[in-house]
Amino acid sequence: VRIDVLQLLHDVKTRWDSIYYMIHHLCYLCQLIDSFLDRPNNKDMKKYRLSPMQWNVLWDFELILEILHQAICALSSECLPTLCKYLIPFEKFYDTWIRLGQD
């Protein structure tokens, strides 16, 4: 299995999206983590393996936080903020959030 090298992340209380990035990396590595925990020499760590339902919950959280992350990234800028710049990203965020609630 080929994976990208990822930076070890930790929770940063002043940055809400640090949790998003941690969950995103965890979901990206789910197959590798499961195969690592399935190895015979790691049987003492098998108790930490997530169930399929727990993985599904994490993927749901990742999706919810991804919507917020995209909205914040679209609204964050080094240039002078203007109302017209914020309307389109906010409308996209709102529409996606409503659609997610309907699914």
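Residues numbered from 1 in each chain as written. Predicted model: local features only at pLDDT ≥ 70, side-chain atom pairs only at ≥ 80, totals over all residues. Heavy atoms only, no water.

## Some thoughts on the overall build of the protein
To keep things clear, this is the line we draw: A run of H or I in DSSP counts as a helix once it spans at least four residues, and a run of E counts as a strand once it spans at least two, with each numbered from the N terminus. Put simply, the radius of gyration uses C-alpha atoms, and a globule should come to 2.2 Å times the residue count raised to 0.38. Accessible area is worked out with a 1.4 Å probe on protein chains only. A residue is then buried under 20% of its type maximum, exposed over 50%, and partly exposed in between.
Secondary structure summary: the protein contains four helices and zero strands in total. The order of α-helices and β-strands along the protein, N terminus first, is α-α-α-α. Here the protein has a C-alpha radius of gyration of 18 Å; the compact-globule value for 103 residues is 13 Å, and the former is much larger. Dimensions along the principal axes, computed over C-alpha positions, put the protein at roughly 60 × 35 × 30 Å. When burial is assessed residue by residue, the protein has 18% of its 103 residues classed as buried.

## Remarks on the nonpolar core
Operational definition: Grouping buried Ala, Val, Leu, Ile, Met, Phe, Trp, Tyr and Cys residues that are joined through side-chain atoms within 4.5 Å yields what is termed a nonpolar core. Contacts are assigned to residue pairs with any non-hydrogen atoms lying within 4.5 Å of each other.
Tyr20, Ile23, Cys27, Cys30, Trp55, Leu58 and Leu65 together form the largest nonpolar core, which totals seven residues. The contact partners of Cys30, leaving out residues within four places of it in the chain, are Trp55 and Trp59.

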